Amino acid sequence: DADAQGALRPRQQMGGIAFSGLLNGGTTSSVLITLSAPGFVSAFFDFDRSGQYDVPAEAVYSDGMLPAGTTEFFFNVPFTARSGPSYARFRTSSSEPAIRFPIGGAPDGEVEDYAIFIIAAPTAAPTPSPTSACCCCCEVTVCTDDDDDDDDDDDD
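Description of the structure in this document.

On to the pattern of salt bridges, then. The full count for this structure, using the stated rule, is 2 salt bridges. Between Glu96 and Arg100 there is a salt bridge, and its shortest N-O distance comes to 2.7 Å. Accessibility expressed as a relative area gives 30% for Arg100, which makes it partly exposed.

In C-alpha cells form, the structure reads like this:
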C-alpha cells in the first residue's frame, strides 16, 4: 500500500499479483495479474533501487484493457537493474490516463506495493587480447605466430 504522497509501504499479502519467477537484469519477466473487473494496469519497478519510480524508464503499461480474470503480464528487466531488495507498485483502473504515474488520483481501481528482489545482469566476460604466445582465456584460444615461418606455432 502507499500513502497519499506515494511513499512506499510494502504489502504483506500478494493480493491479485503473483510473480512467476526471478527478476533478473537483462531478461523478460512476468507476473500473473488477477482482476475482478476489466481494467488497465500500470506497473512501476524501482529497478535502480533509488527509492523512486522513474517514469517512463521504470514504468510498464498494459496494451489495452485487460479482461477480468488472470492474465500473464510481461515486462523487460533492464540490463542496468541493480541487485538487491526493492519495490514494485501496481495500479489498476478503468481509466488508463489516471494510472500513467505511480501517484495521483483515479476514479476507481486499486494500488498495491510489493517488496521484490532484483538480481543484476551478469557482467560481460573480458575480451581476450592477442598475445605473443598461445593462451587460453574464457574458453577461447588466441594464438599468434611470432617466429615469421608462416605456421601457427612458435617453432622456427
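That covers the picture; the talk isn't over yet.
Ranked by internal contacts, the top residues of the largest apolar core, which has 20 residues, are Val31, Ile33, Phe45, Phe47, Phe73, Phe75 and Phe90. For this core, the secondary-structure elements that each account for two or more residues are β3 (27–35), β4 (40–45), β6 (69–77), β7 (84–93) and β8 (110–119). Setting aside anything within four residues of it in sequence, one finds Phe45 in contact with Phe19, Tyr53, Glu58, Val60, Phe75, Tyr87, Ala88, Phe90 and Ile116.

This part takes up the layout of surface pockets. Of the pockets and cavities examined, the largest pocket occupies roughly 270 Å³. Secondary-structure elements contributing two or more residues to the lining of the largest pocket are β3, β7 and β8. Among the residues making up the lining of the largest pocket, the classes are represented as 8 nonpolar, 8 polar and 4 charged.

Turning our eyes to something else, we now look at the side chain of Asp46. Tracing the backbone shows Asp46 in the loop between β4 and β5 (59–61). The side chain of Asp46 is buried and forms no salt bridge, while Arg49, the nearest opposite charge, is found at 6.8 Å. There is a polar contact of 3.1 Å between the side chain of Asp46 and the backbone nitrogen of Ser50. Apart from the residues within four sequence positions on either side, Asp46 is in contact with Gly51, Gln52, Tyr53, Glu58, Ser86, Tyr87 and Ile118.

Below, the discussion takes up the sheet that holds β8. With mixed pairing, the 5 strands of this open sheet are ordered in space as β2-β8-β7-β4-β5. One side of each edge strand has no neighbouring strand; the edge strands of this open sheet are β2 (23–24) and β5. Where β7 meets β8, 9 bridges bridge the pair, whose relative direction is antiparallel. Each residue of the ladder has a partner; that of Ala88, found in β8, is Tyr114.

Reading the values: the criteria
- Residues numbered from 1 in each chain as written.
- Predicted model: local features only at pLDDT ≥ 70, side-chain atom pairs only at ≥ 80, totals over all residues.
- Heavy atoms only, no water.
- Salt bridge = Lys/Arg side-chain N within 4 Å of Asp/Glu carboxyl O.
- Buried < 20%, exposed > 50% of the residue type's maximum accessible area, 1.4 Å probe, protein only.
- Core = buried A, V, L, I, M, F, W, Y, C linked by side-chain atoms within 4.5 Å.
- Helix = DSSP H or I, 4+ residues; strand = E, 2+ residues; numbered from the N terminus.
- Contact = heavy atoms within 4.5 Å.
- 1 Å grid on protein atoms, 1.4 Å probe; cavity = no way out; pocket = protein on both sides within 12 Å on 5 of 7 lines; lining within 4 Å.
- Points joined across faces, edges and corners; volume = space filled by probe spheres on them.
- Nonpolar A, V, L, I, M, F, W, Y, C, P; charged D, E, K, R; others polar.
- Lys, Arg positive; Asp, Glu negative; His and termini not counted.
- Polar contact = N/O pair within 3.5 Å; in protein donor to acceptor, adjacent residues only side chain to side chain.
- Pairing = 2+ DSSP bridges.

So yeah, pure geometry; function would need other evidence.
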